[in-house]
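Take a look at the letters that make up each chain.
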Amino acid sequence: MNTYAKRGEGGTHPESAHSGKPTTLGIYIQVPFCQTKCTYCNFHTGVASPAAYAPYARAVEREIRDWHALHAAAGLESVSRLPPGNADPMSCHSSLRSESAFALNVAPGFSPASSAFANTIYLGGGTPSLFDPADLARILAAVHSQFPGADPIAPSSNARAAGTEVTLEADPETITPEKAAAWLAAGINRISLGAQSFHDAELKPAGRMHRREDIFAAIAHLRAAGFANISLDLIAGLPYQTAASWQASVEEALRLRPEHISIYLFEIDEGSRLGRELLSGGSRYSAAAVPSDDAMAESYEFACDRLREAGYDHYEISNWALPDFRSRHNLKYWRREPYLGFGAGAHSFDGRWRWANAHDPAAYAAAIEQGRLPVEQLEEVTPKQALEEELFLGLRQLEGIDLAAIEAQYGADFSADFKETLGARLDELRAQGLVERAGTRVRLAPARLAISNEVFVALLD
């Protein structure tokens, strides 16, 4: 089954400290709470009492305000410089260290607190729209206090204007006129709406709390408040979905004319209840009603054609946008640009190191209260991994990759043997009609995007 990883939902590439230009970061805020757990969900989220929301928000706010000291105490030195003798018990790689500050293209002694700003902020989860708007406003105020220059787009200005893109993930049933107005006042200027389907017969068995009419009401509330940048998610492959119902959902989405649309194929894996049921051959969670792989591929191809006709730019495998409305934050992930994550389970990447906070919200909050960062995962990205990521993530983008630019960037890592092997594989994939090549630029064949995972495996295996 072909799968498209979600969000996981660009700004500029990081500049050298020697250039005098500030480094641009993406800031991700993780809210791991939902009202219910959807049957298809494979994220580290859970259902909690609303009483847990405010204390968690305070912990996130403290992590952001104290981030420089917390990173240093955890041995991360704010740019993942791990000093000798790091004895932080929460660090699973305490013996590792980096001899130089390489990440974010900076020189030794670089201070991100004074030299970096955030041009994208993303509040995801989970369902951050469940939180009191005042708590979200305090979290955003903490970000702005720590990253000078991270100014939101003024609520009255055009969403396409230069400024910080501030996205909030929201479920339709959680949106009220009062919340929408408060979000905009807090500096949130982009909403990512988890519609998933416009059919109650598909939403209900999937565990979604909203219904079709809630999607239309949510959009109306957001537009009335002044939001001019809305993204809408749909999922192809939900139980009981048919070709007709899928096409109707796509048409309903186009009728609402969001600035951005994300379409994901249902992912079968052990991380979700429905996925486990399908893998085990069971029938719970409406597993028998999940469409076939071929049906999902046809649904995806229909969406590609229909959204193109409607004027949407297909810029990444799962994402379409009206002109100038690409997701700048998610582009950072696909371009391997630096980002800092705050909250339970939040991931960070500085160019060479990736790390993540503890997933359990209670353990995370307790650690922050004690003045320590609960680093649960820490990984140094090897040059080989980085090169493969450049290829894989670059090919997810419809513009493709420039092999000459990648070769120049990676130098010795782009060895003659690797270049020869890669060239032979690309020639074979081109002969099969899976990729297109023009000079040094390579991209996935637009007509074969539905089997993109097979192309990635063949290219990188």
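None of these values were measured; they are calculated from a predicted model. (Residues numbered from 1 in each chain as written. Predicted model: local features only at pLDDT ≥ 70, side-chain atom pairs only at ≥ 80, totals over all residues. Heavy atoms only, no water.)

### Observations concerning the overall build of the protein
Here's step 1: From N to C terminus, the protein includes 16 helices and 17 strands.
Here's step 2: Working note: accessible area of the protein is about 18,300 Å², and carbon and sulfur atoms make up 53% of it. (Helix = DSSP H or I, 4+ residues; strand = E, 2+ residues; numbered from the N terminus. Areas by Shrake-Rupley, 256 points an atom, 1.4 Å probe, with all protein chains shown as cover.)

### As for the confidence of the model for the protein
Here's step 1: For the protein, the mean per-residue pLDDT works out to 82, and 81% of the residues sit at or above 70.
Here's step 2: With pLDDT under 50 throughout, residues 153-161 is counted as low confidence; its partners more than four residues away or in other chains account for 14 contacts. (pLDDT = per-residue confidence, 0-100. Contact = heavy atoms within 4.5 Å.)

### Points about the packing of helix α13 (residues 383-396) against helix α16 (residues 452-460)
Any two packed helices are characterised by the angle at which their axes cross and by the distance between the axes.
Here's step 1: For the pair α13 and α16, the least separation of the axes is 11 Å and the interaxial angle reads 155°. By the angle between their axes, α13 is roughly antiparallel relative to α16. At the point where α13 passes α16, the crossing takes the right-handed sense. Together, E388, L391, F392, L395 and R396 of α13 and F456, L459 and L460 of α16 make up the contact between the two elements.
Here's step 2: Tallied by class, the residues present in the contact of α13 with α16 amount to six nonpolar, no polar and two charged. (Axes fitted to C-alpha atoms, helices over the stretch in contact; angles between N-to-C directions. Parallel < 35°, antiparallel > 145°, perpendicular 65-115°, else oblique. Left-handed = near helix turned anticlockwise from the far one by under 90°. Nonpolar A, V, L, I, M, F, W, Y, C, P; charged D, E, K, R; others polar.)

### With respect to the pairing of strand β7 (residues 230-236)
Here's step 1: In terms of burial, β7 is a largely internal element, seven of the seven residues being buried.
Here's step 2: Where burial is concerned, the two faces of β7 agree: the one with I230, L232, L234 and A236 and the one with S231, D233 and I235 are both buried.
Here's step 3: Sheet topology note: the strand β6 (residues 190-196)/β7 ladder contains four bridges and is parallel. Of the residues in β7, the one forming a bridge with Q196 is L234.
Here's step 4: Relative to strand β8 (residues 260-265), β7 is paired through six bridges, and the arrangement is parallel. Residue pairing in the sheet places L232 in a bridge with I261 of β8. (Buried < 20%, exposed > 50% of the residue type's maximum accessible area, 1.4 Å probe, protein only. Pairing = 2+ DSSP bridges.)

### What about the environment of A59?
Here's step 1: Locating A59 in the fold gives a position in helix α1 (residues 53-65).
Here's step 2: C-alpha of A59 to C-alpha of I368: the two residues are 309 residues apart in sequence and 6.3 Å apart in space.
Here's step 3: When near neighbours in sequence (up to four residues on either side) are disregarded, A59 contacts Y364, A365 and I368.

### Points about the packing of aromatic side chains
Here's step 1: Per the counting criterion, the structure on display carries 13 aromatic pairs.
Here's step 2: Aromatic side chains Y333 and Y339 sit 4.8 Å apart centroid to centroid with 80° between the ring planes, which places their arrangement in the edge-to-face category.
Here's step 3: Overall, Y333 belongs to the buried group, its relative accessible area being 18%.
Here's step 4: For Y339, a relative accessible area of 12% translates into the label buried.
Here's step 5: Grouping aromatic residues by their ring pairs yields a cluster made of F33, Y53, Y56, F131 and Y364. (Phe/Tyr/Trp six-rings, centres within 6.5 Å; stacked < 30°, edge-to-face > 60°.)

### Description of unusual backbone geometry
Here's step 1: Backbone torsion omega between G125 and G126 reads 15°, so that peptide bond is classified as cis.
Here's step 2: Relative to the helices and strands, G126 is located in the loop between β4 (116-125) and α4 (133-146).
Here's step 3: Residues other than glycine seldom take positive phi values, yet R257 does so here, at roughly 55°.
Here's step 4: Look at R257 and you get partly exposed, because its relative accessible area is 37%.

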